[in-house]
Amino acid sequence: MKETTRRFALKAIAASATAMSPWSLEAQGAWPNKPIKIIVPVAAGGIIDLVARNLAEALQPKMGVPFVIDSRPGADHAIGTQLVARSDPDGYSWLCGSVPFTTTSHLRTVPPFDPFKDFKPVSLLATSPNVLVVPTTLGVDNMAEFIALGKRKSGGLTYANPGTGSSNHLGTEQLRSATGIEMLGIPYKGQPPAIVDLLTGRVDFMLMSSSLAPAHIESGKLKALGSVSTARLPKLPNVPTMKELGFDSVNVIPWFGILVPAGTPDAIVERIHLDIRGVAFTAGYRDGLARFGATPALDHSISDFAASLRAEFNQWPALLRQAGLSKT
């Protein structure tokens with residue numbers, strides 16, 4: 001986006017904030033007037049945690065209140081997500097959600113939350129594509145060799161699955177369908193332990209976050225075969241996209257966004273959205289995301305985010321059936 005366009009966007013955001021009816025937020029006790037908690041439904045140190053911390057750092061001076069990042073990992077994001085769903089709808093409890101937000105309801109006989117009845121979408125923050133990586137000890141240098149190995153290896157290839165219903169897991173299921181390779185998933189509690197086994201060659205491959213993959217690729221321990229992205233990644237310019245490789249059906253791209261409990265007043269939802277849009281165009285915020293391989297979502301509305309959540313939610317049943325996943 002050109003600098004003049006950025007200035008125009010920021011002026012429009014400021015004008016919108018000024019135009020909001022003053023009494024609507026005053027009625028909520030001059031919101032915000034106490035710390036805001038962002039619930040991260042994974043362990044500290046992961047990509048979602050980093051995105052949330054980057055946002056909090058940018059928003060704190062703008063909103064004038066402290067931010068607290070509260071990691072509540074477990075149950076494939078369900079513990080932290082359910083906590084926010086049950087929180088007071090006063091604008092002080094936010095969820096930093098990702099792909100499992102739309103998959104969990106399809107994987108549980110008794111869903112722990114309803115992504116549409118229990119939440120209001122506020123703002124899409126960023127995306128961070130996954131990268132297909134293999135240990136260099138596997139002895140393959142490109143996608144053709146990867147497929148050939150998978151077809152001749154007895155029992156197929158093993159892959160690291162850092163969470164049922166995660167973008168890594170579902171993207172791998174798309175890869176299985178697109179290549180026709182037999183694959184066996186090995187479950188892990190998140191990406192860090194999965195990476196340990198990948199580096200030692202205990203598993204054959206993984207769709208790894210692009211925030212984590214470059215360091216291991218540069219060290220020579222992993223080889224990148226393709227990225228699940230719409231364009232080549234700046235940190236991995238020599239790695240082709242899945243579309244370039246002829247696998248455009250492999251397209252699950254991790255997203256990160258802010259959601260709040262369903263009863264949160266619309267005026268507060270709009271205020272949060274506008275403040276996030278205001279910092280999204282700043283160099284500090286964008287540079288912070290770039291450091292761990294995330295791309296900021298700059299041009300979207302609350303309704304755009306809501307529509308993308310609904311579209312993603314609707315695409316999962318067919319893929320989950322194809323993968324043979326039943327509800328637990």
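Take helix H3 (residues 47-63) next. Its 17 residues place the ends of H3 24 Å apart at the C-alpha level, agreeing with the 24 Å of an ideal helix rising 1.5 Å per residue. Along H3, the sharpest change in direction is near 25° and occurs at glutamate 57; proline proline 61 comes one to four residues later. Every buried residue of H3 is listed here: Ile47, Ile48, Asp49, Val51, Ala52, Asn54, Leu55, Ala56, Ala58, Leu59 and Met63. Backbone geometry just downstream of H3 places glycine 64 in the positive-phi region, at approximately 75°.

This part takes up the packing of aromatic side chains. For the structure shown, the criterion picks out nine aromatic pairs. Relative to tyrosine 92, the ring of tryptophan 31 has its centre 6.0 Å away and its plane inclined at 55°; by these criteria the two rings are tilted. Taken together, the residues tryptophan 31 in the loop between helix H2 (22-26) and strand S1 (36-40) and tyrosine 92 in the loop between helix H4 (78-85) and strand S3 (93-97) connect sequence positions 61 residues apart. Taken individually, tryptophan 31 and tyrosine 92 each receive the classification buried, so the pair is uniform in this respect. Ring geometry for tyrosine 159 and phenylalanine 205: centres 5.7 Å apart, planes at 35°, overall tilted. Of this pair, tyrosine 159 sits in strand S6 (residues 157-161) while phenylalanine 205 sits in the loop between helix H8 (191-199) and strand S8 (206-209), and the two are 46 residues apart along the sequence. For tyrosine 159, a relative accessible area of 3% puts it in the buried group. Among the residues examined, phenylalanine 205 registers a relative accessible area of 0% and is labelled buried.

Now for the packing of H3 against helix H11 (residues 283-291). Contact geometry of H3 with H11 gives a least axis separation of 10 Å together with a crossing angle of 165°. Regarding the angle of H3 to H11, the classification is roughly antiparallel. Regarding H3 and H11, the two cross each other, and that crossing is right-handed. Contacts between H3 and H11 involve Val51, Asn54, Leu55 and Ala58 from the former and Gly284, Tyr285, Gly288 and Leu289 from the latter.

A word on the confidence of the model for the protein chain. Confidence in the prediction for the protein chain averages 89 pLDDT; 91% of positions are at 70 or higher. Long-range and interchain partners of residues 1-24, a stretch whose pLDDT sits below 50, account for 20 contacts in this model, where long-range means more than four residues apart.

Time to look at the sheet that holds strand S9 (residues 222-228). Taking strand neighbours across the sheet as the criterion, the three strands line up as S8-S5-S9 in an open arrangement whose pairing is antiparallel. Looking at strand neighbours, the two that pair on one side only are S8 and S9, the edges of this open sheet. If you compare each strand with its neighbour and ignore which way they point, the axes differ by 40° on average. Pairing of strand S5 (residues 130-135) with S8, which is carried by four bridges, proceeds in the antiparallel orientation. When the bridges of S8 are listed, valine 131 appears paired with methionine 208.

Okay, the pattern of salt bridges next. Across all of its chains, the model carries nine salt bridges by this definition. Among the salt bridges present, the one from lysine 120 reaches aspartate 266, with a minimum N-O distance of 2.6 Å. With lysine 120 in strand S4 (residues 119-127) and aspartate 266 in helix H10 (residues 266-280), this residue pair connects regions lying 146 residues apart in the sequence. Overall, aspartate 266 belongs to the exposed group, its relative accessible area being 56%. Note that aspartate 275 and arginine 271 form a salt bridge whose closest N and O atoms lie 2.8 Å from each other. Taken together, the residues span about one helical turn, with aspartate 275 and arginine 271 both in helix H10 at a distance of four residues.

Before going further, it helps to examine the sheet that holds S3. Spatially, S2-S1-S3-S10-S4-S11 is the arrangement adopted by the six strands of the open sheet, whose pairing is mixed. Among the strands making up the open sheet, the edge pair consists of strand S2 (67-71) and strand S11 (295-296). In terms of strand pairing, S4 meets S11 through two bridges, oriented antiparallel. Within S11, the position partnered with alanine 126 by the bridge is proline 296. Helix-sheet contacts for H4 involve S1, S3, S4 and strand S10 (255-261), and the interaxial angle to S3 is about 150°.

Definitions and cut-offs
Residues numbered from 1 in each chain as written. Predicted model: local features only at pLDDT ≥ 70, side-chain atom pairs only at ≥ 80, totals over all residues. Heavy atoms only, no water. Helix = DSSP H or I, 4+ residues; strand = E, 2+ residues; numbered from the N terminus. Expected span 1.5 Å × (residues − 1). Bend = angle between axes of the 7 residues up to and from the residue. Buried < 20%, exposed > 50% of the residue type's maximum accessible area, 1.4 Å probe, protein only. Phe/Tyr/Trp six-rings, centres within 6.5 Å; stacked < 30°, edge-to-face > 60°. Axes fitted to C-alpha atoms, helices over the stretch in contact; angles between N-to-C directions. Parallel < 35°, antiparallel > 145°, perpendicular 65-115°, else oblique. Left-handed = near helix turned anticlockwise from the far one by under 90°. Contact = heavy atoms within 4.5 Å. pLDDT = per-residue confidence, 0-100. Pairing = 2+ DSSP bridges. Salt bridge = Lys/Arg side-chain N within 4 Å of Asp/Glu carboxyl O.

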